[in-house]
Amino acid sequence: MTFGEFEFYGKKIIIRIKNRVCEDSDELISSKLFACVLKQCIKDLQKRDSELLEIFQTRKITDAHIQTLIQTLFYLPKMKGDLVPNVVQGSEVFLRDKMLFNDFVEHLYNYWRSFDRFLICSSENVDIEKRPYHIFNETIEQLMHLVRATYRDIEESITGTHPKIYRQVRAGAEIAAIAIPHKFKFPSKAYQKLNPVPVIRQVLLYPPLIFNPPMNKRTGSFERVSQNPLDRLVIKKNEWVCYPAKVGQLLILIYFHNSYAELGYTLSNLFQLADEKDLRVKPDAVYCFGVPGSVVKGLGQSQTVFYDDEEHGILFAAVPDSEEFGYFGYLKKMALTLHNIVIMKRGELPFHGALVELTLKSKNKATILLIGDTGAGKSETLEALREAGDEEITDMHIIADDMGSVRKSKKNDIVGIGTEIGAFLRLDDLKPGYAFGQMDRAIIMGANKVNARIIIPVTAFERVIKEHKIGFILYANNYEEIDAEHPLIERIESPELAFNIFKEGTVMSKGTTTSTGLVHSYFANIFGPPQYKEAHDRIAMKYFKLFYEKKIYVGQMRTRLGVPGCEQKGPLEAARELLRIVKNH
């Protein structure tokens, strides 16, 4: 039918279309997808022994009964309910109790909307670069209006009344993508098995989007293995989609299985979608999320693995299809791990932190790098800085919210660039009301769970990849209280001492992973550096010496985000002190 192919994955529906969707209620109600949703809805009601099934006047509901119901619904948008029995034999049973039948239709409508709904336009005959929004307008927008209109017409025909209030809810797909195959310049034939998988070229979101993935925490690190998981992987192209991500200046192809569609499409709020020019070069890394467990079994101690294909100059990573890995952090952090490894291979220093550029009313500018582990208070301090500097900061631009790299520019300056256009923030650590102010562009994960997260775009990609001269480098210390010996911000005396403090990577865990209490991680960055420790030590010491040679302010800032009772005031007070130091530096 006009819906093309579709698949159900739990509470997700993936719909594929070529050129068009249903154009009227006749096509909608006659579609295989409508029949499938209706049958599943009835099965769900049977499990609950719902009174809504009394519309059939029998508990033994057959395919013939369902077909009669479909025919009844087919004619209701076109005529009054009382007239339908004249054209559909047996429809009078449904219209016997109009209030009950109306309740059933309402339930069916809500049942459809209870699914996470994704629409993929896979036509290769459209000029994506010239008219992407027109394609979306002809598909996802049309479907949304059609579903709503059909639902309203049916209910008005049943009740004989018009509603006084119309609610314009998202009744079609929540996310749509244009995705077509692309032949990448892979370095060897082994990688070419991925080419049939459709590659996302445009995305349309209807925020706010609220998803409830199976897991709300990430655990462990990503392990380097000696065998390429790609050798074991068999790809079924219709089960996968590729998000070609610009992670900083790198191109990382992130393939995700349809069973994790809500996580995969959320990447569009975090990483820039590569353009046509980017796709003409060899990718720096490939990541397959949701592979069969057999692909990674026995390759290492963990199941979240990557292979350094030194022969072909590319990295390949894989995470298995398992609910324990059904968390957005596994997508984000593996991509950043791959980024960091490539960066180290280039002799540059990756960092786990936040990089921000401030412009004061005096027109002085300062670029500040806050380094720290997950939950150290980096993002929270930046948000507090907006509030603290409301009257003194004219502009504040986020360059990196979580990960980036430091390099020496052609002018011999120490500069930083970022990786992401978005932020992956803990709702509990944001000031009250902040998330509500971002709803119009937000994707929220696990809203009813510990470690609930919001993913929002925070900066422009052009700013992310631009080199910014760094003036301040601070370690985010979230676990120490302040006193005379431990000020909010203190300068570190030497590169050796700074190297050791940053290397210790001490943080009070905030429950964002399965770790709790005071923990240590190598340079607060388990995403690449520990796997290449010797190389990273060498690069890090070289850069810490350069920091001091270039008179960069190197210190540590006590955000106290991990101190009970200081979750809000800790980052705010640290931000105020940081602003004072920047003004006087």
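Look a little higher up for the structure.
Worth saying up front: this structure is predicted, and the values here are computed from it rather than measured.

(A) Up close: the overall build of the protein. If you tally the helices and strands in the protein, you get 15 helices and 27 strands. For the protein, the spread of C-alpha atoms along the three principal axes comes to 90 × 55 × 45 Å. Evaluated residue by residue, the protein yields a buried proportion of 58% over its 585 residues. Sequence separation of at least 24 residues holds for 76% of the intrachain contacts in the protein that already meet a minimum separation of 6. By element, 48% of the accessible surface of the protein is carried by carbon and sulfur atoms, the whole surface being about 24,500 Å².

(B) A look at the packing of helix α10 (residues 378–388) against helix α15 (residues 569–584). Orientation of α10 relative to α15, taken along the N-to-C sense of each, is 65°, at an axis distance of 8 Å. Between α10 and α15 lies a crossing of right-handed hand. Residue-level inspection shows Glu380, Thr381, Ala384, Leu385, Glu387 and Ala388 of α10 in contact with α15, the latter providing Pro571, Leu572, Ala575, Arg576, Leu578 and Leu579. The residue makeup of the contact of α10 with α15, split by class, is eight nonpolar, one polar and three charged.

(C) Geometry of helix α3 (residues 63–75). Taking 1.5 Å of rise per residue, the 13 residues of α3 would be expected to cover 18 Å, and the 19 Å separating its terminal C-alpha atoms lies within 8% of that figure. Of all the positions in α3, only Ile66, Leu69, Ile70, Thr72, Leu73 and Phe74 are classed as buried.

(D) Molecular detail of the environment of Ala335. Tracing the backbone shows Ala335 in helix α9 (residues 328–345). Taking the relative accessible area as the measure of exposure, Ala335 reaches 0% and is therefore buried. As a C-alpha pair, Ala335 and Ile254 span 81 residues in sequence and 7.8 Å in three-dimensional space. The residues contacting Ala335, other than those within four sequence positions of it, are Val247, Ile252, Ile254, Phe271 and Tyr287.

(E) Expanded view of unusual backbone geometry. The linkage connecting Pro207 with the following residue, Pro208, adopts the cis geometry, with an omega of 0°. As for its placement among the helices and strands, Pro208 is situated in the loop between β5 (199–205) and β6 (209–211). You will see that Asp49, though not glycine, has its phi angle at about 55°, which is positive. Among the structural elements, Asp49 can be located in the loop between α2 (32–47) and α3. The class for Asp49 is exposed, based on a relative accessible area of 54%.

(F) Focus on the packing of aromatic side chains. Scanning the entire structure with this criterion turns up 28 aromatic pairs. A centroid spacing of 5.1 Å and a plane angle of 80° characterise the contact between Phe74 and Tyr75, whose relative ring orientation is edge-to-face. Take Tyr75: its relative accessible area is 25%, and that puts it in the partly exposed class. An angle of 15° between the planes, with centres 5.5 Å apart, marks the rings of Phe118 and Tyr265 as stacked. Remark: Tyr265 occurs in helix α7 (residues 261–266) and Phe118 occurs in strand β3 (residues 116–121); sequence separation between them is 147 residues. For the pair shown, Phe118 and Tyr265 are each scored as buried. Members of the aromatic cluster, connected to one another through ring pairs, are Tyr475, Phe499, Phe502, Tyr522, Phe523, Tyr543, Phe544 and Phe547. Between Lys78 and the ring centre of Tyr75, over which it is positioned, the NZ or CZ distance is 5.3 Å.

(G) Looking closely at the pairing of strand β27 (residues 553–558). Of all six residues making up β27, six are buried, and the element is well covered by its neighbours. On β27, burial covers both faces: Tyr553, Gly555 and Met557 on one face and Val554, Gln556 and Arg558 on the other are all buried. Across six bridges, strand β23 (residues 472–477) lies against β27 in parallel orientation. Pairing of Tyr475 across the sheet is with Gln556, part of β27. The pairing of strand β24 (residues 489–491) with β27 spans three bridges and is antiparallel. Counterpart to Ile489 in the pairing with β27 is Met557.

The rules behind these values
Residues numbered from 1 in each chain as written. Predicted model: local features only at pLDDT ≥ 70, side-chain atom pairs only at ≥ 80, totals over all residues. Heavy atoms only, no water. Helix = DSSP H or I, 4+ residues; strand = E, 2+ residues; numbered from the N terminus. Buried < 20%, exposed > 50% of the residue type's maximum accessible area, 1.4 Å probe, protein only. Contact = heavy atoms within 4.5 Å. Areas by Shrake-Rupley, 256 points an atom, 1.4 Å probe, with all protein chains shown as cover. Axes fitted to C-alpha atoms, helices over the stretch in contact; angles between N-to-C directions. Left-handed = near helix turned anticlockwise from the far one by under 90°. Nonpolar A, V, L, I, M, F, W, Y, C, P; charged D, E, K, R; others polar. Expected span 1.5 Å × (residues − 1). Phe/Tyr/Trp six-rings, centres within 6.5 Å; stacked < 30°, edge-to-face > 60°. Lys NZ or Arg CZ within 6 Å of the ring centre and 35° of its normal. Pairing = 2+ DSSP bridges.

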